[in-house]
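Structural features, examined
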Amino acid sequence: MDRKIEKKTWTPRKIAWIVGGAVLLFGIIYQIGFADHRSTMNVESDRLSIATVSTGEFTDYILVSGQIEPAQTFYLDAVEGGMVASVIRESGALVDSGDTILIMANSNLQLDVMQRETMLYEQINNLRQTRLFLDQNDLNQQGQLAEIDYQISLLEPQYKRFKELHEKKLVSDREFEEVAEQYEYNLKRKELTYKSYQSDSIARAYQLAQLRQSEGRMNASLNGVGQILDNLVIKAPISGQLAMEQIEIGQAINSGERYGQIDVLDEFKVRVPIDELYLPRIGQGLRGKFTLSGQDHELEISKIYPTITNGRFEVDMVFTGESPQGIRRGQSVRIRLELGDSEKSLLLPTGGFFKDTGGNWVFVLNSSGNAEKRNIRLGRKNPEYYEVLEGLVEGEKVIVSGYENFGTNEVLELK
């Protein structure tokens, strides 16, 4: 007897097709909505430099190199030219003020000095002759007044007697008139001579004052001319260490030529060239420090030279305390120059990534050990750290080595 076979609804094949379709659909949905489509690159982790974001004091500073120089330097320039006759002190010698360094000879200068001295002596003698003439003229006028006074002293009694006798009719009119005329003449003569003497005395006093001034100037000129030859003997103006080029006997040194210098060794300064980029931020009073023989030494900017040469300007820095022992002129030091006050910030160590990203993004390690690209914002920079403004938190790890080999990949799988 035949039996009706019922058709099964859920056959294994149908179930397999349904399951396969569901898996395929889920895969499509995952790829569209949830899968990571970012480009990925495999990278050897031991070739990377990884740093941790931390919180600390950010100090705005730059590293600059400076050169030790004496705080005071006196340059030696030849006042008068000549031939070197003798070298008394060699370069590098310690000299005291007044010590002789060089002796020069200049026969033409010596002859010129002799001629000028002769002319000045003649002019001084002429002045003295003029003053002697004025003195003699003064004496002559005084002698004339004395002679007139003597005549008046003789005539006055005689005039008075003759006047009394004439009133009594004891002498003639003619005799009285002769005596009266002589007496009045001498009185008038005295008056005119005294006025002339007064006028001459005023002029003589003015002339004598001018003569004294002229003589004083000539004597000063004479002393100055005499000191010209002293300039051929070169002496140290201050105490310090002598530094000059090799000078040989017979060598010619021209007037105005710089042949050396004397460095005062009691104090030193540091001459520091700085990139012109920092000129607006540099001012007097900014401080820096360097380490020498295991000890830190602090400096302060005392002078700024604003002239820019080859993209750099220079500053002078002086020690805030005593100068270090054992430093030498020309010695180089590496200075940490602070541009601002320290403040607490989020810090990211410096690295080669900046030249590839401009500080706009970095690769940050995630929880799975891979690195993902992330946008950030950096602020100030010093040789050790960048100041992080946005995009990172304390404790995150960032790849800080160069990114030139990563291309446009957004995820790095570290191995």
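Residues numbered from 1 in each chain as written. Predicted model: local features only at pLDDT ≥ 70, side-chain atom pairs only at ≥ 80, totals over all residues. Heavy atoms only, no water.

So, about the overall build of the protein. A tally of regular secondary structure across the protein gives 4 helices and 22 strands. In summary, the protein has a C-alpha radius of gyration of 53 Å against a globular reference of 22 Å for 415 residues, an excess of more than 25%. Considered along the principal axes of its C-alpha atoms, the protein spans approximately 225 × 65 × 35 Å. Each of the 415 residues in the protein was classed as buried or not, and the buried ones make up 31%. A total accessible area of about 26800 Å² is found for the protein, and carbon and sulfur atoms account for 49% of it. One finds the centroid of the 47 positive side-chain charges in the protein at a distance of 10 Å from the centroid of its 60 negative side-chain charges. (Helix = DSSP H or I, 4+ residues; strand = E, 2+ residues; numbered from the N terminus. Rg over C-alpha atoms; globule rule 2.2 N^0.38 Å. Buried < 20%, exposed > 50% of the residue type's maximum accessible area, 1.4 Å probe, protein only. Areas by Shrake-Rupley, 256 points an atom, 1.4 Å probe, with all protein chains shown as cover. Lys, Arg positive; Asp, Glu negative; His and termini not counted. Charge placed at Lys NZ, Arg CZ, Asp CG, Glu CD.)

Along the polypeptide, Ser345 turns up in strand β16 (residues 343–349). According to the relative accessible area criterion, Ser345 is buried, its value standing at 8%. Here the side chain of Ser345 touches Glu387 through a polar contact of 3.2 Å, side chain to side chain. Among residues more than four places away in sequence, those in contact with Ser345 are Ser54, Thr55, Gly56, Phe58 and Glu387. (Polar contact = N/O pair within 3.5 Å; in protein donor to acceptor, adjacent residues only side chain to side chain. Contact = heavy atoms within 4.5 Å.)

This next bit is on a negative patch on the surface. Together, Asp173, Glu177, Glu181 and Glu184 make up a negatively charged patch on the protein surface. Position of Glu177 relative to the elements: it lies in helix α3 (residues 173–228). (Patch = residues over 30% accessible without salt bridge, like charges linked within 9 Å, V, L, I, M, F, W, Y side chains within 5 Å. Salt bridge = Lys/Arg side-chain N within 4 Å of Asp/Glu carboxyl O.)

Turning next to the environment of Ala85. Secondary-structure assignment places Ala85 in strand β5 (residues 82–87). Owing to a relative accessible area of 41%, Ala85 belongs among the partly exposed residues under this scheme. Linking Ala85 and Met41, residues 44 residues apart in sequence, is a C-alpha distance of 81 Å. If we ignore the near neighbours within four places in the chain, the residues touching Ala85 are Ile103, Met104, Ala105 and Ile249.

With that out of the way, let us pick up the confidence of the model for the protein. Predicted confidence across the protein gives a mean pLDDT of 84, with 91% of residues reaching 70 or more. Highest mean pLDDT in the protein belongs to strand β14 (residues 312–319) (93); lowest belongs to helix α1 (residues 12–33) (62). (pLDDT = per-residue confidence, 0-100.)

The topology assignment puts Asp99 in the loop between β6 (94–95) and β7 (100–105). Note: C-alpha distance between Asp99 and Tyr403 (304 residues apart in sequence) is 66 Å. Those residues within four positions of Asp99 in sequence are excluded, and the remaining contacts are Arg89, Ile234, Lys235 and Ala236. Of the polar contacts made by the side chain of Asp99, one reaches the backbone nitrogen of Asp96; its length is 2.8 Å.

Where nonpolar side chains cluster on the molecular surface, the patch consists of Ile88, Ile103 and Val233 and spans about 190 Å² of accessible area. With respect to the helices, strands and loops of the structure, Ile103 is situated in strand β7.

Summed over the entire model, instances satisfying the criterion amount to 11 aromatic pairs. Arranged with centres 5.6 Å apart and planes meeting at 80°, the rings of Phe363 and Phe406 form a pair that is edge-to-face. Placement of Phe363 in strand β17 (residues 361–365) and of Phe406 in the loop between β21 (397–399) and β22 (411–414) is noted, with a sequence separation of 43 residues between them. The ring of Tyr75 carries Arg258 above its face, with NZ or CZ at 4.1 Å from the centroid. The ring of Tyr61 has Arg336 sitting right over it, with the charged end atom 3.7 Å from the ring centre. (Phe/Tyr/Trp six-rings, centres within 6.5 Å; stacked < 30°, edge-to-face > 60°. Lys NZ or Arg CZ within 6 Å of the ring centre and 35° of its normal.)

What follows covers the nonpolar core. Formed by 30 residues in total, the largest nonpolar core has its most connected members in Ile101, Leu102, Leu242, Ile247, Ile253, Tyr259 and Ile262. At the level of secondary structure, the elements contributing two or more residues to this core comprise β7, α2 (107–167), α3, β9 (240–244) and β11 (258–275). Setting aside chain neighbours within four positions, we find Ile247 in contact with Val84, Val87, Leu102, Ile253 and Tyr259. Among the nonpolar cores identified, the runner-up in size contains 24 residues, and Trp361, Phe363, Val364 and Leu414 belong to it. (Core = buried A, V, L, I, M, F, W, Y, C linked by side-chain atoms within 4.5 Å.)

In terms of strand pairing, β16 meets strand β20 (residues 385–390) through 4 bridges, oriented antiparallel. Across the sheet, the residue bridging to Leu346 is Val388, located in β20. Where strand β19 (residues 377–381) meets β20, 3 bridges bridge the pair, whose relative direction is antiparallel. By the bridge assignment, Lys381 is partnered in β20 with Tyr386. The hairpin turn running from β19 into β20, its antiparallel successor, is 3 residues long. (Pairing = 2+ DSSP bridges.)

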